[in-house]
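The lines below spell out each chain.
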Amino acid sequence: MSRALVPVISRLPMVVRQRLDPKERAEKLRASEAQDFDLVRHETHLRNRSQVERFLPDILGRALARIWIDQTFRLRFSTDPKGTLADYGVHLPDAITIDFVTEGTIRPQVVVYERMAPNVPPRRLLYLQLVMMAGK
């Protein structure tokens, strides 16, 4: 009996590699990278607090993961989080604001606020922080 945490398939299917010229290979790689780094599969409009609380944590989780590996995306997200999300097809209500916090913390945090009225302080809806855990 195996002591592996994940079952191992003993017979893997044969992989047939296509010969691509360097230009085709670069094009294919760019296309797959673009798809791998999409935050959402299609244009997403979150219209109220309930939708923001339900769907935004997953989207921001993908954004945080990308922040760890893509310095250009990190810089862009840190200067304008809501605008960056809009550029990637995620549109939020005007009352929602997002802060990218790096000071005073080991890991970056994304904090989402809702402004109820102009003279009222914003209410924190949620925050995300990438935490790496290992278990056995």
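Higher on the page you've got the structure.
### A look at the overall build of the protein chain
Counting secondary structure elements, the protein chain contains four helices and five strands. Along its sequence from the N terminus, the protein chain presents helices and strands in the succession α-β-α-α-α-β-β-β-β. Expressed as a percentage of its 136 residues, the buried residues of the protein chain come to 25%. Looking at the protein chain alone, contacts between residues at least 24 apart form 43% of all its contacts between residues at least 6 apart. For the protein chain, the exposed surface amounts to about 11000 Å²; the carbon and sulfur share of it is 53%.

### Examining the side chain of threonine 44
Along the chain, threonine 44 turns up in strand E1 (residues 44-45). Since its relative accessible area comes to 15%, threonine 44 is described here as buried. For threonine 44, the residues in contact, after removing those within four places along its chain, are Gly89, Val90 and His91.

### Points about the sheet that holds strand E3 (residues 96-101)
Within the open sheet, the three strands sit side by side as E3-E4-E5. Their pairing is antiparallel. Of all strands in the sheet, those with a lone pairing partner are E3 and strand E5 (123-129), marking the two edges. When the angles between neighbouring strand axes are averaged without regard to direction, this sheet yields 20°. The strands touched by helix H2 (residues 49-69) are E3, strand E4 (109-114) and E5; relative to E5, the strand with the most contacts, the crossing angle is about 30°.

### Some points on H2
Spanning 21 residues, H2 covers 30 Å between terminal C-alpha atoms, matching the ideal 30 Å at 1.5 Å per step. The largest bend along H2 reaches roughly 45° and is located at leucine 56, with the proline proline 57 sitting one to four residues downstream. For H2, the full list of buried residues reads Val52, Leu56, Ile59, Leu60, Ala63, Leu64, Arg66 and Ile67. At its buried positions, H2 is contacted by helix H3 (71-79), helix H4 (81-87), strand E2 (90-91), E3, E4 and E5.

### Quick notes on the packing of H2 against H3
At a closest axis distance of 6 Å, the pairing of H2 and H3 adopts a crossing angle of 125°. Relative to H3, H2 is oriented oblique. Note on packing geometry: the crossing formed by H2 with H3 is left-handed. Facing H2, whose interface residues are Leu60, Ala63, Arg66, Ile67 and Ile69, H3 presents Gln71, Phe73, Arg74 and Phe77. Looking at the contact of H2 with H3, its residues break down into six nonpolar, one polar and two charged.

### Section: the environment of histidine 91
With respect to the helices and strands, the residue histidine 91 is situated in strand E2. Using a relative accessible area of 23% as the deciding quantity, one classes histidine 91 as partly exposed. For the pair formed by histidine 91 and histidine 45, sequence separation is 46 residues and the distance between their alpha carbons is 4.7 Å. Histidine 91 has contacts with Glu43, Thr44, His45, Leu46 and Ala86, leaving out every residue within four places of it along the chain.

### As for the packing of aromatic side chains
In the structure shown here, the tally under the stated rule is three aromatic pairs. Ring centres of phenylalanine 73 and phenylalanine 77 lie 6.0 Å apart, and the angle between their planes is 25°; on these two criteria the pair is classed as stacked. A residue pair is termed a helical-turn pair when its members lie 3 or 4 positions apart in one helix, as phenylalanine 73 and phenylalanine 77 do in helix H3 at four residues. Phenylalanine 73 gets classed as buried once you look at its relative accessible area, which sits at 2%. Judged by centre distance (5.6 Å) and plane angle (90°), the ring pair of phenylalanine 77 and phenylalanine 100 falls under edge-to-face. Taken together, the residues phenylalanine 77 in helix H3 and phenylalanine 100 in strand E3 connect sequence positions 23 residues apart.

Conventions adopted
- Residues numbered from 1 in each chain as written.
- Predicted model: local features only at pLDDT ≥ 70, side-chain atom pairs only at ≥ 80, totals over all residues.
- Heavy atoms only, no water.
- Helix = DSSP H or I, 4+ residues; strand = E, 2+ residues; numbered from the N terminus.
- Buried < 20%, exposed > 50% of the residue type's maximum accessible area, 1.4 Å probe, protein only.
- Contact = heavy atoms within 4.5 Å.
- Areas by Shrake-Rupley, 256 points an atom, 1.4 Å probe, with all protein chains shown as cover.
- Pairing = 2+ DSSP bridges.
- Axes fitted to C-alpha atoms, helices over the stretch in contact; angles between N-to-C directions.
- Expected span 1.5 Å × (residues − 1).
- Bend = angle between axes of the 7 residues up to and from the residue.
- Parallel < 35°, antiparallel > 145°, perpendicular 65-115°, else oblique.
- Left-handed = near helix turned anticlockwise from the far one by under 90°.
- Nonpolar A, V, L, I, M, F, W, Y, C, P; charged D, E, K, R; others polar.
- Phe/Tyr/Trp six-rings, centres within 6.5 Å; stacked < 30°, edge-to-face > 60°.

All we've got here are geometric facts, nothing functional implied.
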